Amino acid sequence: MGDKKLEETISEPGRGGSKRAALIVVAVVVALVAAGLGIWFAVSRPTEPGRADVARLDKQRVIVDNSMNLYDPLVQQFSGRYSNAISEKAGQAEVDKVLSQDRERIVRESQANRDRLEHMAESPALQDQGVAESFNRFKDQYGAVIAYNDQLVINTTNIYRSVGGPCAALHSSLNVASESYAQDYVKSADECLAALGTAKDGADAETTTLLTEVEAVIRGQRDKQQEVLDSKDTFERLSKSTIAGLALLDINDAFAKAQTTYETATKDKYSKIIESANSSNSEFEGVLKKSLEQFDAASGEGK
């Protein structure tokens, strides 16, 4: 009995020390975890937006808005040079040069603008719901302007490759008085129709309508010339040739009508896109201005 008490007496300090050591370890672990959580919360907690964030976002808005003005001269330069390269038959090397230089400038500008919008989307100022909603409308509408100009490059390229390419020879290079006119016309018309079919790939609705209308005019004239070739005798050939010749007199009016319809539709579409973009820009500018005024009022600078 005495020995057992002695053992218990000896062993008690050891167990007590073990408990204290365990408590110390737990306390240290808890402290480290708490410190870690504190750091995590400090790092992960969104930084409150300041006046500088709003001012920076407004400057970025102005840059994006001004960059839209670059599209018109870039597109006009591309359109003019590409048209000349096609109509003057400058050769594939010159055509490829225009595509690689002038078209790529527009592609790079569009990518730069998309990057600007994405960078704006990371602004701390967008933690304000009103600012965020206004920015999203701004981003959507200016994204539509960028997409329109990207599509315009595709449309322009496809139109010049077809209407300005193989189709142009039909009414500029062929000799109407030639004995082989009907045969030459059918051959050139087939090349034109093939080009028009290819040109529809990637084109928007308005351009597809234009190409389809041009296609209908060319196909109708091509069929009339084919009838001349299929004539059984001289009299029938003369009759069919006369009918085909009279139809040629109306072809320019048909082309002019298709062109006018196209220009009206594209102008209306572009005007609506620009109007929406300008409206979203004005709204966004107003929201940012109001936010800046609130910061100034809170800091006493507005007094």
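Since this is a predicted model, take the numbers as computed values, not measurements.

About the thresholds
- Residues numbered from 1 in each chain as written.
- Predicted model: local features only at pLDDT ≥ 70, side-chain atom pairs only at ≥ 80, totals over all residues.
- Heavy atoms only, no water.
- Helix = DSSP H or I, 4+ residues; strand = E, 2+ residues; numbered from the N terminus.
- Buried < 20%, exposed > 50% of the residue type's maximum accessible area, 1.4 Å probe, protein only.
- Contact = heavy atoms within 4.5 Å.
- 1 Å grid on protein atoms, 1.4 Å probe; cavity = no way out; pocket = protein on both sides within 12 Å on 5 of 7 lines; lining within 4 Å.
- Points joined across faces, edges and corners; volume = space filled by probe spheres on them.
- Nonpolar A, V, L, I, M, F, W, Y, C, P; charged D, E, K, R; others polar.
- Expected span 1.5 Å × (residues − 1).

## Focus on the side chain of Q225
Working step 1: Looking at the element boundaries, Q225 is found in helix α7 (residues 205-229).
Working step 2: The buried category is assigned to Q225, whose relative accessible area is 4%.
Working step 3: Ignoring anything within four residues of it in the chain, the contact list for Q225 reads Y181, A182, Y185, V186 and A244.

## A closer look at the layout of surface pockets
Working step 1: Estimated volume of the largest pocket: approximately 810 Å³.
Working step 2: Taken together, 25 residues line the largest pocket, and the ones lying closest to its centre are I159, L210, Q259, Y262 and E263.
Working step 3: Within the residue set of the lining of the largest pocket, elements represented by two or more residues are α3 (71-87), α5 (129-162), α7 and α9 (251-299).
Working step 4: Roughly 290 Å³ of internal volume is contained in the second largest pocket.
Working step 5: Every residue lining the second largest pocket is counted, 16 residues in all, and those nearest its centre are I86, K89, G164, G165 and P166.
Working step 6: Of all the secondary structure elements, the ones that give two or more residues to the lining of the second largest pocket are α3 and α4 (92-120).
Working step 7: Ranked by the residues each element gives to the lining of the second largest pocket, the list is headed by α3, at 4 residues.
Working step 8: Class assignment for the residues of the lining of the second largest pocket results in 7 nonpolar, 7 polar and 2 charged.

## Re α7
Working step 1: For α7, built from 25 residues, the straight-helix expectation of 36 Å at 1.5 Å per residue is met to within 8% by its first-to-last C-alpha distance of 36 Å.
Working step 2: Among the residues of α7, those classed as buried are T207, L210, L211, V214, E215, I218, Q221, R222, Q225 and V228.
Working step 3: Lining the buried residues of α7 we find α5, α6 (181-199), α8 (234-249) and α9.

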